[in-house]
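Fold and geometry: a report
Here are the chains, one letter per residue:
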Amino acid sequence: MGSGGVRGWALQPWFFLSMLCLFSMLLWQRSTGAGYNIYDLLISVPSLCVLFPLMLYRGWITREVLLGSLPLLLFVLYAVFSTLWAESPDISKTLRAALQVLALYLVFLYFRVSGRSSLLKNALFVACIGVALLCLWHLVVMYVVYGAPWGVTLYHGVSQESLGQYGVKPINAMHATMMVAPQAALLLGLLAEPGNRAYRFIGVVALVVLCLFLVALERRTGQLAIIVAFLGGALVYRNQVWYWLLALGLFAGIIAYWIAPEFFLSRGLSWRPAIWISALQSILDAPVLGHGVTNAPAPVEVKTVGGGVQWFDHPHNMFLSVAYFTGAIGLLLWCLVWVPVVIKAVFADSPIKSERYMVVAMVVGATVLMFDGGNALAPFHFDWFAFWVPAMLLVANNVAGGIDAETARATQR
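It should be emphasised that the depicted structure is a prediction, and the values quoted were computed from it without experimental measurement.

Side note on the overall build of the chain
When helices and strands are counted, the chain shows 15 helices and two strands. For the chain, with 413 residues in total, the buried portion stands at 52%. Taking contacts inside the chain between residues at least 6 apart in sequence as the whole, the part at least 24 apart equals 76%. Within the structure as shown, the chain displays about 18,500 Å² of accessible surface, and the carbon and sulfur contribution to it stands at 68%.

Description of the packing of helix α5 (residues 117–145) against helix α8 (residues 197–217)
As a packed pair, α5 and α8 sit with axes 8 Å apart at the nearest point and diverge in direction by 45°. Classified by the angle their axes make, α5 and α8 are oblique. Crossing geometry of α5 relative to α8 is assigned as left-handed. Between α5 and α8, the contacting residues are Asn122, Phe125, Ile129, Val131, Ala132, Cys135, Leu136, His138, Leu139 and Tyr143 on the first element and Tyr199, Ile202, Gly203, Ala206, Val209, Leu210, Leu212, Phe213 and Ala216 on the second.

A short note on the packing of aromatic side chains
Per the counting criterion, the structure on display carries 25 aromatic pairs. Both rings, one in Trp60 and one in Tyr110, keep their centres 5.8 Å apart while their planes meet at 50°; by these two values the pair is tilted. Taken together, the residues span a long stretch of sequence, with Trp60 in the loop between α2 (32–57) and α3 (63–81) and Tyr110 in helix α4 (residues 91–113) at a distance of 50 residues. On the basis of relative accessibility, which here comes to 10%, the residue Trp60 falls in the buried class. Tyr110 sits in the buried class, given a relative accessible area of 0%. Put simply, the rings of Phe75, Phe319, Trp334, Trp338, Phe387 and Trp388 touch in pairs and so form one group of aromatic residues.

Quick look at α3
Maximum bend of α3: about 50°, positioned at Leu70, with proline Pro71 one to four residues after it. Buried within α3 we find Val65, Ser69, Leu72, Phe75, Val76, Tyr78, Ala79 and Val80.

A closer look at a nonpolar patch on the surface
Together, Trp137, Val144, Val145, Tyr146 and Tyr166 make up a nonpolar patch on the protein surface, roughly 450 Å² of accessible area in all. Within the secondary structure, Tyr166 sits in the loop between α6 (160–164) and α7 (173–192). The class for Tyr166 is partly exposed, based on a relative accessible area of 36%.

Comments concerning the environment of Gly167
Note on placement: Gly167 falls in the loop between α6 and α7. Note on Gly167: relative accessible area 42%, which makes it partly exposed. In this structure, the C-alpha to C-alpha distance between Gly167 and Val141, residues 26 residues apart in sequence, is 9.3 Å.

So, the pattern of salt bridges
For the structure on display, the rule yields two salt bridges. Put simply, Arg219 and Asp372 hold a salt bridge, and the shortest N to O gap is 3.1 Å. Here Arg219 is found in the loop between α8 and α9 (220–237), whereas its partner Asp372 is found in the loop between α14 (357–371) and α15 (388–412), with 153 residues between them in sequence. Taking relative accessible area as the criterion, Arg219 reaches 14% and is therefore assigned buried. Taking relative accessible area as the criterion, Asp372 reaches 0% and is therefore assigned buried.

Digging into the side chain of Ser69
Looking at the element boundaries, Ser69 is found in helix α3. Separated by 2.7 Å, the side chain of Ser69 and the backbone oxygen of Val65 make a polar contact. Among the polar contacts listed, one links the side chain of Ser69 to the side chain of Tyr105, at a separation of 2.5 Å. Those residues in contact with Ser69, other than ones at most four positions away along the chain, are Tyr105 and Val399.

Description of the nonpolar core
Formed by 137 residues in total, the largest nonpolar core has its most connected members in Met19, Phe23 and Met392. Considering each element in turn, this core owes the most residues, 15 residues, to α5. Discounting residues that sit within four places of it in the chain, Met392 has contacts with Leu72, Val101, Leu104, Tyr105, Phe108 and Val337.

What counts, and where the lines are drawn
Numbering of residues begins from 1 in every chain and follows the order in which that chain's sequence is written. Side-chain atom pairs in this predicted model are given and counted only at pLDDT of 80 or more, local residue features only at pLDDT of at least 70, and totals for whole chains, interfaces and linings cover all residues. Derived side-chain values reflect all non-hydrogen atoms in the structure, with water molecules and hydrogen atoms excluded from consideration. Helix and strand definitions here come from DSSP, where helices need a minimum of 4 consecutive H or I residues and strands a minimum of 2 consecutive E residues; each element is numbered from the N-terminal end. When a residue's accessible area, from a 1.4 Å probe over protein chains only, is under 20% of the maximum for its type it is buried; when over 50% it is exposed; and in between it is partly exposed. For this analysis, residues touch if any pair of their heavy atoms sits within 4.5 Å. Throughout, the Shrake-Rupley method with a 1.4 Å probe supplies accessible areas, and for residues the shown protein chains are the sole cover considered. Geometry is summarised by axes, namely lines fitted to C-alpha atoms with helices restricted to the contacting stretch, and by angles between N-to-C directions that run from 0 to 180 degrees. What sets the label is the angle itself: under 35 degrees gives roughly parallel, over 145 gives roughly antiparallel, 65 to 115 gives roughly perpendicular, and the rest give oblique. By convention, the crossing between two helices is left-handed when the near helix turns anticlockwise from the far helix through less than a right angle, and right-handed when the turn is clockwise. Here a pair means two rings of Phe, Tyr or Trp (six-membered ring of Trp) with centres within 6.5 Å. Their orientation is stacked below 30 degrees between planes, edge-to-face above 60, and tilted elsewhere. Throughout, bend refers to the angle between the axes fitted to the seven residues that end at a position and the seven residues that start at it. Only residues whose relative accessible area exceeds 30% and that take part in no salt bridge are eligible for patches, with like-charged residues grouped when within 9 Å of each other and nonpolar side chains (Val, Leu, Ile, Met, Phe, Trp, Tyr) grouped when within 5 Å. When a carboxyl oxygen of Asp or Glu lies within 4 Å of a side-chain nitrogen of Lys or Arg, that pair is called a salt bridge. Nitrogen and oxygen atoms within 3.5 Å of one another constitute a polar contact, given that in protein one can donate a hydrogen and the other can accept it, and given that sequence-neighbouring residues count only through two side-chain atoms. By nonpolar core we mean a set of buried residues, namely Ala, Val, Leu, Ile, Met, Phe, Trp, Tyr and Cys, connected to one another through side-chain atoms within 4.5 Å.

Right under this line is the structure:
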């Protein structure tokens, strides 16, 4: 495999721009429909109409690539097929989501099989830096320009119109956590890879900003994600630096609990056990095939102590959401997409061990999705950074690693 393909002068600017927009778009794009169109213009169309035919022409879509991509293809196809028995399906939206997922996978796969892993890392790094700059601006406007006390939750206490005057788009705290926490973990993993001092300094500063942003959101999931990122790094890299970082994170968590226990205890368990039990009961109504992908909220009914009813838009757990929409079959296929490649990257002596920064983001993303998460297959949204972005990176890396190994064996014969 060579580095041929699309001319570098066109490829590199496009890839850096597309990754920067992909990672940051939800912080500045006010229209969901416009965001979909930007995604398709920058990623879906070039990937499906240029990169995929190019990979076919160059013979990169081999039997090994198809076999490695099979779990992903089966899950996406099954999710689309499940609209046949969904109560109120949005087939066009589901098909658009499927194409967007496959387009992102093809982008990452192209850069791996064409030997451009360093370009991929650099583009992801720049994208994370861009998001950190936007997060920093949100913090500055909230706590410096408007002088809100640090103890006030980000975006609270200042009107949306006032924030909008400075170009700040207030974001739902749960959505912001699903987006920023995995990106911070991805940046942390990238910093663990070899790099020059300037690269590391800029990355560390950006990482601090992203962590401050998560703390300002005052969501416990975000705080947990920081510790889990250190745990994931310790699991993947297994050296003393990561062990110390993990210990430091745990110590900081204990100190925070000692100083302000009400932050952890005041909201109790946030209805999570009751939501999950109710979601499980709904899953048992269609345990094998699921209720079908609808790209609409899956209301969860929870009875309150006083006999009333509390409604939630979704199970607040991606595993349960996938099981609700696609049943046991879909949940199995969904797990096969990413669980084996995570295990292989962490424990197996394989070519993909050199790209372990992706695993840190995947571990953090999976943790975030245990407490949040929405639809099984939906167009580009906040939860993509907790699953589809790191998962597609890992799957593409695994497939390309298998090709590298096969090429090496053929060369030795």
